[in-house]
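The residues making up each chain are set out below.
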Amino acid sequence: MRNEKLPRRGLIAVEWAMIAYTLFTTVFILVTWVRLSHPLDMMWFRTQAVILTLALWGVYRLYSSRLTMLFRIVGQLLLLSWWYPDTYELNRIFPNLDHLFAGYEQSLFGFQPALEFCQSWSHPIVSELLSMGYVSYYPLFVGITVFYFFCRYEHFERTAFIIVGSFFLFYLIFDFLPVAGPQFYFKAVGVDQIAQGIFPNIGNYFDTIQFDVHNRNFILPIPGWEEGVMYKLLVLAHDAGERPTAAFPSSHVGVATIVMWLAWETKNKKVFFVCLPFAVLLFLGTFYIQAHYAIDAIAGLFFGTMFYFALKWGYHLGVKQLRR
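Let us look at the structure shown here. Keep in mind it's a predicted model, so treat the numbers as computed, not measured.

On the surface, a nonpolar cluster with roughly 450 Å² of combined accessible area is contributed by Leu30, Trp33, Val34 and Leu40. Here Leu30 is to be found in helix α1 (residues 13-31).

Turning to the layout of surface pockets, a few remarks are in order. Approximately 1,200 Å³ is the volume found for the largest pocket. Ser81, Trp82, Tyr84, Pro85 and Gly241 are the residues nearest the centre of the largest pocket, which is lined by 50 residues in total. Elements with a contribution of two residues or more to the lining of the largest pocket: α2 (39-62), α3 (66-91), α6 (124-135), α7 (137-151), α8 (156-176), α12 (229-241) and α13 (251-265). Per-element accounting of the lining of the largest pocket gives the leading share, 12 residues, to α3. Counted by class, the lining of the largest pocket contains 31 nonpolar, 13 polar and 6 charged residues.

Turning to the nonpolar core, a few remarks are in order. Core analysis: the biggest nonpolar cluster contains 95 residues, and Trp83, Phe168, Tyr171 and Tyr185 have the highest contact counts within it. The element contributing the most residues to this core is α8, with 11 residues. The contacts of Tyr171, once residues within four sequence positions are left out, are Tyr21, Leu80, Trp83, Tyr84 and Thr87.

The next subject is the pattern of salt bridges. All told, the structure shown has 6 salt bridges when counted by the stated rule. Put simply, Asp207 and Arg92 hold a salt bridge, and the shortest N to O gap is 3.3 Å. In this pair, Asp207 sits in helix α11 (residues 205-208) while Arg92 sits in the loop between α3 and α4 (98-109), placing the two residues 115 residues apart along the sequence. A relative accessible area of 26% places Asp207 in the partly exposed class. The class of Arg92 is buried, set by a relative accessible area of 8%. Between Arg158 and Glu265 there is a salt bridge; the shortest N-O distance is 2.4 Å. Pair noted here: Arg158 is in helix α8 and Glu265 is in helix α13, with a separation of 107 residues, a long-range link. The pair Arg158 / Glu265 is uniform in exposure class, with both members buried. When salt bridges that share partners are traced, they join Glu89, Arg92 and Asp207 into one network.

Thresholds applied
- Residues numbered from 1 in each chain as written.
- Predicted model: local features only at pLDDT ≥ 70, side-chain atom pairs only at ≥ 80, totals over all residues.
- Heavy atoms only, no water.
- Patch = residues over 30% accessible without salt bridge, like charges linked within 9 Å, V, L, I, M, F, W, Y side chains within 5 Å.
- Areas by Shrake-Rupley, 256 points an atom, 1.4 Å probe, with all protein chains shown as cover.
- Salt bridge = Lys/Arg side-chain N within 4 Å of Asp/Glu carboxyl O.
- Helix = DSSP H or I, 4+ residues; strand = E, 2+ residues; numbered from the N terminus.
- 1 Å grid on protein atoms, 1.4 Å probe; cavity = no way out; pocket = protein on both sides within 12 Å on 5 of 7 lines; lining within 4 Å.
- Points joined across faces, edges and corners; volume = space filled by probe spheres on them.
- Nonpolar A, V, L, I, M, F, W, Y, C, P; charged D, E, K, R; others polar.
- Core = buried A, V, L, I, M, F, W, Y, C linked by side-chain atoms within 4.5 Å.
- Buried < 20%, exposed > 50% of the residue type's maximum accessible area, 1.4 Å probe, protein only.
- Contact = heavy atoms within 4.5 Å.

Below, the structure written as structure tokens:
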């Protein structure tokens, strides 16, 4: 790997985004300390995240190369999987709002797509395709980041900032918008009631239970062909860290939308058209597997586009300020 021609002296944009989110949520934890279930663990995680960031920065300062810059970016990407369940610990202290979103869904469509879609399209091929779409979430945003690293390095740092920054913006929404999604809400109130158009308010239900990711009693069975390879991969990914949080808007759809904008920006048709079918399948898969309401997926398109342009503008604005 080549050395950097102009090594960055301080933290890069991705790291500043993490620091900003850390500081904001730290204040929130301190204010709501007595209402949180694991405030000490949450504070310790933030300490570890900052230590890791500073350690990777230190390695880069000793040997400024593209490889050590990649390590800095990869470090922040890896931390995202730890930040996600953290949103549950924060938003569970607020009354659940799924009854409102299920009601909006019913008013808009006249039925619950998360119930009807998987029942009407239960063929193994459909199941495998949509499971593959949902599982492709991680390869999509990692893949476009890798492409920029090797093929568009001059935009690599900006691309990483847009992707990681969008995650933190979604997480900010999730911190204060307690919507668990059909797989948790339908299980809590009963599918029979949902099918009849009854959407009870469950209040602080998710703050009163002892939720365990390995206990399937808290979640509906994932629809699909259980013998399928993609279905099994989906279950593994789901069981690794899913929580009753982060339903609206769908960050899966939002990040996939951002990936499509970044793929379009490469002006490489192959990259764009390779990503496109996975993004479409992911969109449909979000409510097929009952992880989201259809309105979550639609909102993900809007928020993903908005975050892409806002973060792109913010990055360029920051670069201009530094050059003055």
